[in-house]
Every structure is written in C-alpha cells, then in structure tokens.
Amino acid sequence: APVASNPAPVTPAPATPAPATPESGYGITDTSEDEGPAFDGKGYGLAKGTANTYIIPGMEEMSAQEYRDKLQETISARQAKRREESLKSREGKIGNANSQSYLDGLSNKGA
C-alpha cells in the first residue's frame, strides 16, 4: 500500500489539570511489614530504642582526632564491661568459646 507523503496532522488531546488532592488509593502505599510508628526524622534513621554507638555527647564540638580518641575509649570500655560480665556468668568462657558452648548446648553435645 502506498504511504501518504503528507499525513494528516495529529491534534493533541486537551490537557486536563491534575486534581488538587489525590484520589483515594492514589499515592504512596506503605508496603512494609513494620507495625511501629512512622519515622519522625530523629535518631539518625535507627529504630526506636536502638543505641547508636557512634554518638558521643559533645561530639559536635570535638575535632576529628578528639572524636576518634573518645570513640575508641567508649568502645574499649564497653568491651571490657562485656568481657567482665561474660567471665562472671559463663564459667570463664569468652568470645568463640562462649558461642561454641552455646551451639554445643543446642546439639546436646555438651551433655
């Protein structure tokens, strides 16, 4: 079939303005399984009750080196506390020995 060298111009449909408010069922749908409250913009994006171990009181006024030194100090203090608690409550087992003991208990090898 021959093709017309001058096809008829296409007239665009008139533009319709979008409604001022979205229709019901339109927009963002929360598909998460989370039943907790929505994010309130605080807490660096962490879940409520989650500790951010990088936040140190007064960190905004510290230099980078002061912050690193203080961060190392707080991390070392937490490690020492966990080690002390572990040694008291788990018959002297720490680290991998402690987790191995837990796994042995699950498989009844330790009994």
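Above this note sits the structure.
Basis of the calculations
- Along each chain, the written sequence defines residue order, and numbers are assigned to residues from 1.
- Where local features are concerned, this predicted model is filtered to residues with pLDDT of at least 70; where side-chain atom pairs are given and counted, the filter is 80 or more; whole-chain, interface and lining totals use all residues.
- Values reported for side chains reflect all heavy atoms of the structure, with hydrogen atoms and water molecules removed beforehand.
- We define a salt bridge as a contact between a side-chain nitrogen of Lys or Arg and a carboxyl oxygen of Asp or Glu at a distance within 4 Å.
- Helix numbering and strand numbering both begin at the N terminus, where a helix is a DSSP run of H or I of at least 4 residues and a strand a DSSP run of E of at least 2.
- Any residue under 20% of the maximum accessible area for its type is buried, any over 50% is exposed, and the rest in between are partly exposed; the area is computed with a 1.4 Å probe on protein chains only.

1. Here's the deal with the pattern of salt bridges
For side chains of opposite charge, pairing can occur when their charged atoms come near one another. Considering all chains together, one arrives at two salt bridges under this definition. One salt bridge connects Lys70 with Glu73, and the closest N-O pair in it is separated by 3.4 Å. Pair noted here: Lys70 and Glu73 are both in helix H1 (residues 64–89), with a separation of three residues, about one helical turn. Judged by its relative accessible area of 48%, Glu73 falls in the partly exposed class. The partner of Glu84 in a salt bridge is Lys88, with the nearest N and O atoms 3.3 Å apart. Placement of the pair is Glu84 and Lys88 together in helix H1, with a separation of four residues, close to one helical turn. You can call Lys88 exposed: its relative accessible area is 65%.

Coordinates in, geometry out; function isn't part of it.
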